[in-house]
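# Coordinate analysis (summary)
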Amino acid sequence: MAIITYRDALNQALREEMQRDDRVFIMGEEVGIYQGAYKVSKGLLQEFGEMRVVDTPITELGFAGVGVGAAMVGLRPVIEFMTWNFALLALDQVVNSAAKMLSMSGGQFNIPMVFRGPNGAALQLSAQHSQAWESWLAHIPGLKVVAPGTPYDAKGLLKSAIRDDNPVLVLEGEMLYNVKGEVPESDYTIPIGKAQVKREGDHVTIVSYGKMINVANQAADQLAKDGIRAEVIDLLTLRPLDAETVCASVRKTNRAVVVEEGWEICGMGAQIADYVQRDCFDDLDAPVLRVHQADVPMPYAKNLERAAKPDAQKTVAAVRQVLYLD
Amino acid sequence: MARKKPESSDDPALRLSLLREMLLMRRFEERTAEAYALGKIGGFCHLYIGQEAVGAGAISVLRPDDYVITSYRDHGQALARGISPRAIMAELFGRIDGVSKGKGGSMHLFDRNTNFLGGHGIVAGHIPIATGVGFAIKYRGGDQVCLCFFGEAAVNNGAFHEALNMAALWQLPVIYLVENNRYGMGTALERASSVNDIAERACSYDMPNEVVDGQDVIAVREATIRAVTRARTENTPTLIEVRTYRFMGHSMSDAVSGTYRSKEELDEYMKRDPITVLRAQMEQRGEWSDEKMAAIDAEVRAIVEDAWNFADESPEPPLEALTEDVYVDTTSDTSTGAVAGER
Ligand SMILES: Cc1ncc(C[n+]2csc(CCOP(=O)(O)OP(=O)(O)O)c2C)c(N)n1
Ligand SMILES: [Mg+2]
């Protein structure tokens, strides 16, 4: 199997889906001539031309709406947000149009489209450019939300997202684009709505998704050195969320730690803790703990940023706490 | 750092002070680029090199009680506003003595003392904020103005239209100054805007407007004087389109030329370096001497070195700072009834 970057995996998914279905087009800032702000759309303009790889002005609300309109009448847009920080300007179209159209039209108009781009913090980009929006987005009925953390998952989930007849949001990661992993050249998809056990263990369940899955894996490696066998669950999809896979694991390990990138209040981990307490209350040997970003706008200074972000060390500490080791 | 601003634009002392200011910006940012390469500065960092005449000329018109607000490309304007180079460099280094205590970085320079209302990172996001500042000035019956800088790519965003419409509708003292440097990241103006003369957009709001040569600091100053006068005396907003060019990449991670603009185009524009343009004007008037200039250059270089050393020695913010300044402390006496922004 070829070893490629997360960026190239996404690029392959886009290319293959555009070859497969001529209703699929990509639109966003710098996707064409500049080849993508993070080079995810590299080469696509050259292969598919200007009608299918469309550079836009800096008008997030506008082009998100253009995507919805095109989807309403039969095209399958992939809207790229340079980052999800800027997608905030487009949320009206994502939430009030894309998510609700099918329901408020009584099932007449579905919106088969994808909104994608990097989510969460990179390095020292400060408060306005370092935000993880997943709990906002997963809050909305009518949307599906996926968050791949590896090149393999990125390709498979993006392909599924493009083929889905609903609006699907793909949360990527700026810090993930250069991460390498095995990706088959063949056509494959990963089902939306299914979590995956990324690593088996029986002492504790670490639940994570997206970029944080790598933090969870690092923590599991460190814990293994102390003989602690962590099971790592990658949610992959945040809506609809596969609570069953999480709960099945917790029934085995009796303990859970959630690692999430966003802020604590109303975060993804709160939802997972809710599923766990409802479905496996009697199996729990400790409260569910959460590792998340500090409850502050992201600071610029290197040391403060490090202190604010979830990391492997904080995850190990939480795991040791649910195991009553510290 | 309060410099006295001469009144007339045809004044040798004014030309000299603007030259010094532009040189300070240039030298400051040359060192900024070096510090970035050394990893002392991180994140996104957008240089102003090539556009110095815009910030220097426009801000030279303002009174200390006026307001300035801008985008992430904010180092030059912060210097022109008289913010200490030490505090700016320390901010870029992410240190406690930075203007924003190391929390903001390059894109978010803020300084209450000089009414510098920030560097803002979301394209066009600060344009309505400028309108709000104008609203507050009128509300309080003041005669200040708000000078708002943004790039030409921001005018395609809805926020620009909403903000200018309200300013014209309510007659607010705001100067919207668009720095048309021809590109928004890698997208040329013509590829993003259906109208190539940005000043014309003001016609939609029946707002006074003009186009200015952004490489000529005196021309920028003159146009700003006209707009500021209109704002102060008639509460009328203006859209000024300043035609300029950035000599560097969009940010430190963008190549200077290649993908979206050619080396030839860049070289052509670099012939009109704002510092050279002013120098030519000074030479014509017999105001230029190499010795005097060498002395000024040495002086600004020393200021920049001092700023670098200061920033380098300034400590990182203490970890307790992480949770500070998220809310105003409403439990202490001082917060009750304190009027934020009252000046
Ligand atoms: C709403 C939003 N979308 C996208 C971006 C990413 N971005 C940052 S600067 C920029 C280009 C802006 O160009 P312009 O307004 O001309 O200003 P310049 O950088 O040329 O000074 C883009 C697309 C952003 N910061 N905010
Ligand atoms: Mg520009």
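Up top you'll find the structure we're talking about.
Fair warning: this is a prediction, and the values are worked out from it, not measured in the lab. (Residues numbered from 1 in each chain as written. Chains lettered and ligands numbered in written order. Predicted model: local features only at pLDDT ≥ 70, side-chain atom pairs only at ≥ 80, totals over all residues. Heavy atoms only, no water.)

## A word on the overall build of chain A
Each helix and strand in chain A was counted, giving 13 helices and 14 strands. The C-alpha radius of gyration of chain A comes to 19 Å, within 12% of the 20 Å expected for a compact globule of 326 residues. Its C-alpha atoms give chain A principal-axis dimensions of roughly 60 × 45 × 40 Å. Here chain A, with 326 residues, has 62% of them falling under the buried criterion. Contacts in chain A between residues at least 24 apart in sequence constitute 82% of all its contacts with a sequence separation of at least 6. As presented, chain A carries roughly 12,200 Å² of accessible surface, and 53% of it is formed by carbon and sulfur atoms. Of the charged side chains in chain A, 32 are positive and 42 negative; the average position of the first set lies 2 Å away from that of the second. (Helix = DSSP H or I, 4+ residues; strand = E, 2+ residues; numbered from the N terminus. Rg over C-alpha atoms; globule rule 2.2 N^0.38 Å. Buried < 20%, exposed > 50% of the residue type's maximum accessible area, 1.4 Å probe, protein only. Contact = heavy atoms within 4.5 Å. Areas by Shrake-Rupley, 256 points an atom, 1.4 Å probe, with all protein chains shown as cover. Lys, Arg positive; Asp, Glu negative; His and termini not counted. Charge placed at Lys NZ, Arg CZ, Asp CG, Glu CD.)

## Digging into the sheet that holds strand S7 (residues 209-213) of chain B
Residue and element names in this part refer to chain B. Within the open sheet, the six strands sit side by side as S2-S1-S3-S4-S8-S7. Their pairing is parallel. What marks the edges here is a single partner per strand, and that holds for strand S2 (116-120) and S7. Pairs of neighbouring strands in the sheet enclose a mean axial angle of 15°, with direction left out of account. Bridging between strand S1 (residues 67-71) and S2 involves three bridges; their strand directions are parallel. When the bridges of S2 are listed, Ser 71 appears paired with His 120. Helix H2 (residues 52-59) rests against S1, strand S3 (146-151), strand S4 (174-180) and strand S8 (238-243) of the sheet, and its axis sits at about 170° to S3. (Pairing = 2+ DSSP bridges. Axes fitted to C-alpha atoms, helices over the stretch in contact; angles between N-to-C directions.)

## Digging into helix H13 (residues 312-322) of chain A
All names here are of chain A. All of the buried residues along H13 are Ala 312, Thr 315, Val 316, Ala 318, Val 319 and Val 322. Summarising the axial view, the buried residues of H13 lie within an arc of 165°, below the 170-degree limit, and thus occupy one face. As for H13, its buried residues are in contact with strand S10 (204-208), helix H9 (212-225), strand S13 (256-263) and strand S14 (289-293). The N-cap of H13, judged by a side-chain oxygen 3.3 Å from the amide nitrogen of Gln 313 a few residues on, is Asp 311. Phi turns positive, to about 55°, at Tyr 324, one or two residues after H13. (Arc of directions from axis to C-beta. Polar contact = N/O pair within 3.5 Å; in protein donor to acceptor, adjacent residues only side chain to side chain.)

## A word on the packing of helix H1 (residues 12-37) of chain B against helix H9 (residues 274-284) of chain B
Any two packed helices are characterised by how steeply their axes cross, that is the angle between the axes, and by the distance between the axes. Residue and element names in this part refer to chain B. Direction vectors running N to C along H1 and H9 enclose 160°, while the axes themselves pass 10 Å from each other. By the criterion of interaxial angle, the relationship of H1 to H9 is roughly antiparallel. Here H1 runs over H9; the crossing is left-handed. Residues Arg 15, Leu 16, Leu 18, Leu 19, Met 22, Leu 23 and Arg 26 of H1 form the contact with H9, whose own contacting residues are Pro 274, Ile 275, Leu 278 and Met 282. Residues of the contact of H1 with H9, tallied by class, amount to nine nonpolar, no polar and two charged. (Parallel < 35°, antiparallel > 145°, perpendicular 65-115°, else oblique. Left-handed = near helix turned anticlockwise from the far one by under 90°. Nonpolar A, V, L, I, M, F, W, Y, C, P; charged D, E, K, R; others polar.)

## Remarks on unusual backbone geometry
Cis geometry is adopted by the peptide bond preceding Pro 240 of chain A, which originates at Arg 239 of chain A and carries an omega value of -5°. Within the secondary structure, Pro 240 of chain A is located in the loop between strand S12 (237-239) and helix H10 (243-253). The phi dihedral of Asn 115 of chain B is positive, around 55°, even though this residue is not glycine. Inspection of the secondary structure assignment puts Asn 115 of chain B in the loop between helix H4 (85-92) and S2.

## Thoughts on the site of ligand 1
Within the structure, ligand 1 sits among 21 residues, and Glu 60 of chain A together with Tyr 72, Arg 73, Glu 152 and Asn 181 of chain B are positioned closest to it. Surrounding ligand 1 is a set of residues that belongs to chains A and B. A distance of 2.8 Å separates an oxygen atom of ligand 1 from a polar side-chain atom of Arg 73 of chain B. Within the backbone of Val 123 of chain B, one N or O atom sits 3.0 Å away from a nitrogen atom of ligand 1. About the coverage of ligand 1: the protein hides 96% of its 580 Å² of free accessible area. Taken together, the residues that form the shell around ligand 1 break down as eleven nonpolar, six polar and four charged. (Near = heavy atom within 4 Å.)

Note that every value here comes from positions in space, so none of it alone points to a role or purpose.
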